[in-house]
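Here are the chains, one letter per residue:
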Amino acid sequence: MEAIGIKLSAFNLKINSYTLENIFQSAKVFEDGGPYLDLLDVSPKEAKRDERLHKSGSLKAFRYQNEDFPLIPQTVFYDFIYITAIKQSFTTDEINVISSYNYFTDIEFNPTKSINTQARAAAILKLILDEYRYLPSFNKEDFIQYHKKHIFY
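Predicted, not measured: the structure shown is a model, and the values here were computed from it.

Peer 1: An account of the layout of surface pockets is requested, with residue identities and associated values reported.
Peer 2: Volume-wise, the largest pocket comes out at about 1500 Å³. What lines the largest pocket is a set of 49 residues, among which Lys 48, Asp 106, Glu 108, Phe 109 and Gln 118 lie closest to the centre. For the lining of the largest pocket, the secondary structure elements donating two or more residues are α1 (3-7), α2 (20-26), β3 (28-30), α3 (44-49), α4 (52-55), β4 (59-64), α5 (76-89) and α7 (118-132). Considering every element that reaches the lining of the largest pocket, the biggest residue donor is α5, with four residues. Residues belonging to the lining of the largest pocket are distributed by class as follows: 27 nonpolar, 13 polar and nine charged. Looking at the second largest pocket, its volume works out to about 230 Å³.

Below is the structure:
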């Protein structure tokens, strides 16, 4: 396994000292609860397995930094925080290494349990790098528009 692949894991990537997995799980807003910000302060596995995520009704949105992200386009919130974490955590040289790959895999991805995958987010990162030749800082609305234009389901 490539060292950079380990660093790209949602359990290892961080934004402001919180793992990507914790941010993702804690941002979920349901019919009957959430976001559960206390999930920022547990292990990534505990955050992912918290019972409230399964008992709070239908998922309605993701709330991150006081902004709500929609459920459509699918994966837009996960992809946004994934790319934000890369921009914050990786050097320019490391980002350039990522852009040299043509294929990405995620051995933990289970399509029966989730639609988000690190491999897909890394491929979107490569798409952005190929288009811009650098990693721009997207705000929420710009990233949603980019996602709608370039990412297909």
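Peer 1: How would you explain the packing of aromatic side chains if you had to name every residue and give the values?
Peer 2: In this description, an aromatic ring pair is defined by two values, namely the gap between the centres and the angle between the planes. Applying the stated criterion across every chain, the model contains 16 aromatic pairs. With centroids separated by 5.4 Å and ring planes inclined at 90°, the aromatic side chains of Phe 24 and Tyr 78 adopt a geometry described as edge-to-face. Residue Phe 24 is located in helix α2, and its partner Tyr 78 is located in helix α5; the two are separated by 54 residues in the primary sequence. There is no split in this pair, since Phe 24 and Tyr 78 are both buried. With a centroid separation of 4.7 Å and 15° between ring planes, the pair formed by Phe 62 and Phe 77 is classed as stacked. Of the two residues, Phe 62 is situated in strand β4 and Phe 77 in helix α5; the sequence distance between them amounts to 15 residues.

Peer 1: Account for the sheet that holds β3, with residues named and values stated.
Peer 2: Sheet architecture is open: three strands sit in the order β3-β4-β5, paired in antiparallel fashion. Taken across any chain shown, the strands that pair with only one partner, and hence form the sheet edges, are β3 and β5 (67-69). Strand after strand, the sheet turns through a mean of 40° between neighbouring axes, direction not considered. By the bridge criterion, three bridges tie β3 to β4 in an arrangement that is antiparallel. Its bridge partner being in β4, Lys 28 is matched across the sheet by Phe 62. α5 rests against β4 and β5 of the sheet, and its axis sits at about 20° to β4.

Peer 1: Run through the packing of α5 against α7, naming residues and quoting values.
Peer 2: Packing of α5 against α7 leaves a shortest axis separation of 9 Å and a crossing angle of 65°. With respect to their mutual orientation, α5 and α7 come out roughly perpendicular. Our pair here, α5 against α7, has a crossing hand that is right-handed. Residue-level contacts link Tyr 78, Asp 79, Tyr 82, Ile 83 and Ile 86 of α5 to Gln 118, Arg 120, Ala 121, Ala 122, Ile 124, Leu 125 and Ile 128 of α7.

Peer 1: So what's going on with the pattern of salt bridges? Which residues, and what values?
Peer 2: When the charged atoms of two side chains with opposite charge come close together, those side chains can pair. With the rule as written, the count across this model stands at eight salt bridges. Its salt-bridge partner being Asp 38, residue Arg 52 comes within 2.8 Å of it at the nearest N-O pair. Of the two residues, Arg 52 is situated in helix α4 and Asp 38 in the loop between β3 and α3; the sequence distance between them amounts to 14 residues. Beyond isolated ion pairs, a larger network of salt bridges with shared partners links Asp 38, Asp 50 and Arg 52.

Rules behind the numbers
- Residues numbered from 1 in each chain as written.
- Predicted model: local features only at pLDDT ≥ 70, side-chain atom pairs only at ≥ 80, totals over all residues.
- Heavy atoms only, no water.
- 1 Å grid on protein atoms, 1.4 Å probe; cavity = no way out; pocket = protein on both sides within 12 Å on 5 of 7 lines; lining within 4 Å.
- Points joined across faces, edges and corners; volume = space filled by probe spheres on them.
- Helix = DSSP H or I, 4+ residues; strand = E, 2+ residues; numbered from the N terminus.
- Nonpolar A, V, L, I, M, F, W, Y, C, P; charged D, E, K, R; others polar.
- Phe/Tyr/Trp six-rings, centres within 6.5 Å; stacked < 30°, edge-to-face > 60°.
- Buried < 20%, exposed > 50% of the residue type's maximum accessible area, 1.4 Å probe, protein only.
- Pairing = 2+ DSSP bridges.
- Axes fitted to C-alpha atoms, helices over the stretch in contact; angles between N-to-C directions.
- Contact = heavy atoms within 4.5 Å.
- Parallel < 35°, antiparallel > 145°, perpendicular 65-115°, else oblique.
- Left-handed = near helix turned anticlockwise from the far one by under 90°.
- Salt bridge = Lys/Arg side-chain N within 4 Å of Asp/Glu carboxyl O.

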